[in-house]
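# Per-entry structural report
Listed here are the chains, written in short residue letters.
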Amino acid sequence: MARLSRSQILEAAFWIGFAALAYVFSYNFDREIEIYRFGASGWPRVVILLIALAAVCQILQSLRESRRNARRAVVQITETVPERKLEDSLRITAVLGLPVLYAALLDISGFYFTTPIFIAAYLWLNGERRLPWLIGVPVFIYAVLLTVFTKLLYIGLPTGYVRPFYDFSNWLLVLIK
Amino acid sequence: MVTRRDIGKLFAGALLGATLALPALAAEDKLPASMDKPGGFPERPLNMIVPYGPGGGSGQVSRAMIQAFTELTGVGVNPDYKPGGSGIVGLGNYMAAPADGYTVLEHIDDATSAYVSGSSGVNPASDLVPLVISQITFSQIYIRSDEDRFSDWATFVAWAKAQDGKATIANVSREGSMERINLKLVMDHFGFDLQQISFDKGGPRYGALKGGQVDALFEQPGDVRGFLDSGDFKPILTLLKERPAAFAEVPAMGDVGLTFEPLMRFRGFYVKKGVPEDRLEWLQWAFQKAYFQPSYQAYNKTKFMDLIDSFRDTAGAVELINQTAEGYKAVYKEMGLIK
Amino acid sequence: MEDFLQGTLTLFGNPTSVMIFVGGLLGGMLFGAVPGISMLTLAAIILPFTGNLTASDAIMLYSVIYCAGVFGGAITAILFNIPGAPENAPTAFDGYPMTCKGQAGKAVGAAVLCSAFGGTCSALLMMAATATIADWAISALGPPEIFALVFFGLAVASSVGASTLWKGWLSVLLGLMVATVGMDPVGGLRRYDFGFTYLLAGIHFIPTILGFFAVSEVFVQLEKRVRGTYEAPKVNLDFPSFLEFWKLKLAVVRSVVIGFFAGILPGIGAVLAAFMGYNEAVRWSKTPEKFGTGELEGVVSSETANNAATGAAMIPLLALGLPGGALTAMMIGVFQIHGIEAGPLVFINSKDLVWVVFSAMFFANISIFFLGWLQTKTVVHLLRVPFHFLAPAILLFGSVGAYAVRGLALDVLVMFAAGILAFFLRRSGYSVAGIVLGLILGKIGEQNFAQAMQMVHYDPVAFMGRPIAALLLVGGALTIAVNVVKAFRGTRASVDDETAEA
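Okay, so let's go over this structure. No experiment lies behind these values; they were computed from the predicted model shown.

A count of helical and extended segments in chain C gives 23 helices and 2 strands. In terms of C-alpha radius of gyration, chain C reaches 21 Å, essentially the compact-globule figure of 23 Å for 502 residues. Each principal axis of the C-alpha atoms in chain C carries an extent, and together these give about 60 × 60 × 50 Å. Counting every atom, chain C has about 15,700 Å² of accessible surface; 69% of that belongs to carbon and sulfur. Mean positive and mean negative side-chain charge positions of chain C (26 and 28 charges, respectively) differ by 9 Å.

Turning our attention to the nonpolar core. Counting residues in hydrophobic clusters, the biggest one holds 147 residues, and the most contacted among them are Phe149(A), Tyr62(C) and Leu79(C). Of all the elements, helix α4 (residues 55–80) of chain C adds the most residues to this core, at 18 residues. Ignoring any residue separated from it by four or fewer positions in sequence, one finds Phe149(A) in contact with Tyr154(A), Ile155(A), Leu157(A), Phe31(C), Ile37(C), Ile45(C), Phe397(C) and Val400(C). By size, the runner-up hydrophobic cluster in this structure holds 80 residues, among which are Ala40(A), Ile51(A), Leu173(C) and Ile258(C).

Taken together, the contact between chain A and chain B spans 9 residues of the former and 15 residues of the latter. The junction of chain A with chain B conceals about 1,100 Å² of combined surface from both sides, 43% of it contributed by carbon and sulfur atoms. Contact with chain B buries area across many residues of chain A, yet Glu34(A), Ile35(A) and Tyr161(A) alone supply 53% of it, more than any other trio. In this structure, the connection of chain A to chain B is made through 1 salt bridge. Arg31(A) is the partner of Glu175(B) in a salt bridge, and the nearest nitrogen-oxygen pair spans 3.0 Å. The tally of links between chain A and chain B comes to 3 residue pairs in polar contact (both at pLDDT 80 or more). When the residues that make up the side of chain A that touches chain B are grouped by side-chain class, the tally is 5 nonpolar, 1 polar and 3 charged.

Turning next to the interface of chain C and chain A. Size of an interface, as often reported, equals the accessible area lost when the parts are brought together. Opposite the 62 residues of chain C that make contact, chain A presents 64 residues. Both sides of the chain C and chain A interface together cover about 5,800 Å² of buried area, and 78% of this is carbon and sulfur. For the pair chain C and chain A, the number of links is 1 salt bridge. With a shortest N-O distance of 3.2 Å, Glu11(A) and Lys167(C) are connected by a salt bridge.

Once that is clear, we can look at unusual backbone geometry. The peptide bond linking Arg163(A) to Pro164(A) adopts the cis configuration, its omega dihedral lying at 5 degrees. Residue position: Pro164(A) is located in the loop between α4 (131–152) and α5 (165–176). Here the bond from Phe41(B) into Pro42(B) is cis, since omega is -10 degrees, no more than 30 degrees from zero. The residue Pro42(B) is located in the loop between α1 (4–16) and β1 (46–50) in this model. For Phe304(B), which is not a glycine, the phi torsion comes out positive at approximately 60 degrees. Here Phe304(B) is to be found in the loop between α11 (294–302) and α12 (314–335). Note on Phe304(B): relative accessible area 9%, which makes it buried.

Glancing now at a nonpolar patch on the surface. A cluster of nonpolar side chains, contributed by Leu21(A), Phe25(A), Phe194(C) and Phe196(C), occupies part of the molecular surface with about 420 Å² of accessible area. Along the chain, Phe196(C) turns up in the loop between β2 (190–191) and α9 (197–200). For Phe196(C), a relative accessible area of 52% puts it in the exposed group.

What counts and how
Residues numbered from 1 in each chain as written. Chains lettered and ligands numbered in written order. Predicted model: local features only at pLDDT ≥ 70, side-chain atom pairs only at ≥ 80, totals over all residues. Heavy atoms only, no water. Helix = DSSP H or I, 4+ residues; strand = E, 2+ residues; numbered from the N terminus. Rg over C-alpha atoms; globule rule 2.2 N^0.38 Å. Areas by Shrake-Rupley, 256 points an atom, 1.4 Å probe, with all protein chains shown as cover. Lys, Arg positive; Asp, Glu negative; His and termini not counted. Charge placed at Lys NZ, Arg CZ, Asp CG, Glu CD. Core = buried A, V, L, I, M, F, W, Y, C linked by side-chain atoms within 4.5 Å. Buried < 20%, exposed > 50% of the residue type's maximum accessible area, 1.4 Å probe, protein only. Contact = heavy atoms within 4.5 Å. Buried area = accessible area lost by both parts, 1.4 Å probe. Salt bridge = Lys/Arg side-chain N within 4 Å of Asp/Glu carboxyl O. Polar contact = N/O pair within 3.5 Å; in protein donor to acceptor, adjacent residues only side chain to side chain. Nonpolar A, V, L, I, M, F, W, Y, C, P; charged D, E, K, R; others polar. Patch = residues over 30% accessible without salt bridge, like charges linked within 9 Å, V, L, I, M, F, W, Y side chains within 5 Å.

Following this line, the structure appears as structure tokens:
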């Protein structure tokens, strides 16, 4: 019997949904440009239709394959999924999420203030519990970053627009230069 | 029904009362030779947000200005290029910076047209304070020098008419941009149509004319100086009322019967409204004075910026911006781009 | 030849120039080889300072960074699965699996030799033919040809790197879709900006690449650590033998030719060169199914091609002022800082400068051959650093690299978001490299399509009347047709998910 796995269905739903949404939103700029017949929406819509087409073909091919496998009565070899602990999954979510938080803070609290805290937090999150390393590694990386980019190359990194972080960044910059 | 021709007339009328003054004489330097730093400001280098890439006209003018500014004051300026969205992205980013005078902005006439069209909420004449306008330039239409189908403006128009809208011209065209409106007013007057082809980067745009992919090019003379000096391109029409000395051979608008006020490209330097008064005064002095530094003057000359007066102080800049805004407003309304 | 000698004398006759040459060489190799930053980071950062150098030193510096950086980017691609620049992406397809198999030294060694060889050949061709080729290219290759080439490139790339043809296409199409965010190339209308000014500027490919390659790789490794399946790669310094290279001579020559000709094209250049070089190697191979599992030929063909494109990219740049990629675009900026307009006049007014650049690139490639071995022996030891120490460093270097391009903190956010997206897409058999290629070529493709349509007045017959464009379009269409038929017959060599990531 031809069957699709749950992840295959999810994937197909994702692409079709994505294409549908993109198509709907393309009405926001669906107007001819006086010097160009296809306007702003022509190209994106062709891409959207091709996405839908490729997604359908992907489903068809998966169906054919599973049917062929079913006919040969081959036992579906399911990957032996290692037991996934909730705690691990939470930690992975944090590993993925913390950098996003860091990036979001750059414009607010600035690069100079936020970076060392981020490094230490990230190390801890990745299982480092030895205090000398938790302090030493951030200091080392931070020093390298400041030396290379601020001292040697004068690149202006975000200072943050919120006080007192803005003042701290400027104080540090004057200090280094 | 409003025809294209009417729009041209209307636009010409809208500006009739507020004629853009373009004195042939260059501005004089009446500023004091030095000025005390107010309360130690600035005690560290300034940041300059340039909302375009480092290689374009804005990137170049900001470096020339920074050099002159630093020669004059000894204060460094770090350029910060933030290209994208026809200058709107850098502008938005600039508005987030504190109004302490440490961050200045470079911007061009696009800031004005974007405000009028509604794509930006920042009015450069009232939300910003112009420190100086340091470049004002006009546009020209260019063809290849070895072109054999036409050789000057009159033969180009005749040839283009015969092509029935299939003749092509390369430009940078955002809807409602300076380039497109100028060209539209020209085409309306002569009653012909060119297929405009938009190239957002200079290199491909000039390459398209040189390689014969397009028939003509709309550009400002400073940007194609290399091709003019090499003899690859030649201008056939200058979008100024009268012929500037450097292009005495090329017909100007008056010669071909065009009466509208041409839209100009201008580039200048701004700070946010709300910068403390004493700091503002110092910055105004420094940027205006820098304009008259020999290094900056020499730079402007290489870009043909000495052909018309390129200098506006704060009051002059506000006037220029407001007049330009009026001009765009009239055309946009007629085109249905704004209400 | 006389010009070349003169250029060499100017280059090495002046101690400052020699220092800049060496600095650019080391800087490019170093920035290229540190995961998270690339030669583009270095080039963007130092751009404002080049005003203090003489014009010829400044241009020479950038050309040396370019040669060294394209090579350096291969090292991180091989060792960490993090290509330093998009043109190194296909290098990771086989380079990283080789590292996992304990053949890092062999892969990097091949990269050194091929980079130096491809680059040197390209420099020689460039010296011989710049003016002639440039003149031909500018009139023969207009928007229709460039669009046709993008189409051909995407048709080829869609069949590489993903677990099925459809996933390959979905990857490329996703990239094309992301490229439409921002302003449309003809009218400047807002597309998918949802009212955010940032999105108006479009999603820049550098933060996206850093996210897709560097950040997602860090996440993958960290996940393995959390789940306890992490294995440190084996450090190994066996260089390939001469015999192994000799067997690949055809691949090398093919890649030199492909790389050089793809590199001439303005706006696409080296990235397409690398993908096409790799793909042709797969297509010509008797054992195509081995590609993606750590085949030396994959590294060789990709690295030869992208370095062969470096010299070629200088042709439109110097002769026409048309940049082929992000780095050559910055070189235009360097020219302009010094009041020089790149273009036909450069050969007349600044002939000395041109030949200093030519000889600098020639010697940079020769130096890579020698310094590359040294660098390999040192950089390989980065593999010994515990990965959880390396991880925040890579992420932060990446943050600086993403930020430095255009000074927007939001680009850092985009980088991490792209990293998370790629983290999930990679494990489902999609090709991250395909997405990136779609993203880079999307804007160019759409713009040139619109220009081409305007030029031929929407007449497909006139479009096909341009022989080069027609040839490429037909070639692309055939490639797609053959792949589709194969996919439905089920004869396409299925690459398992594990090896298809990258």
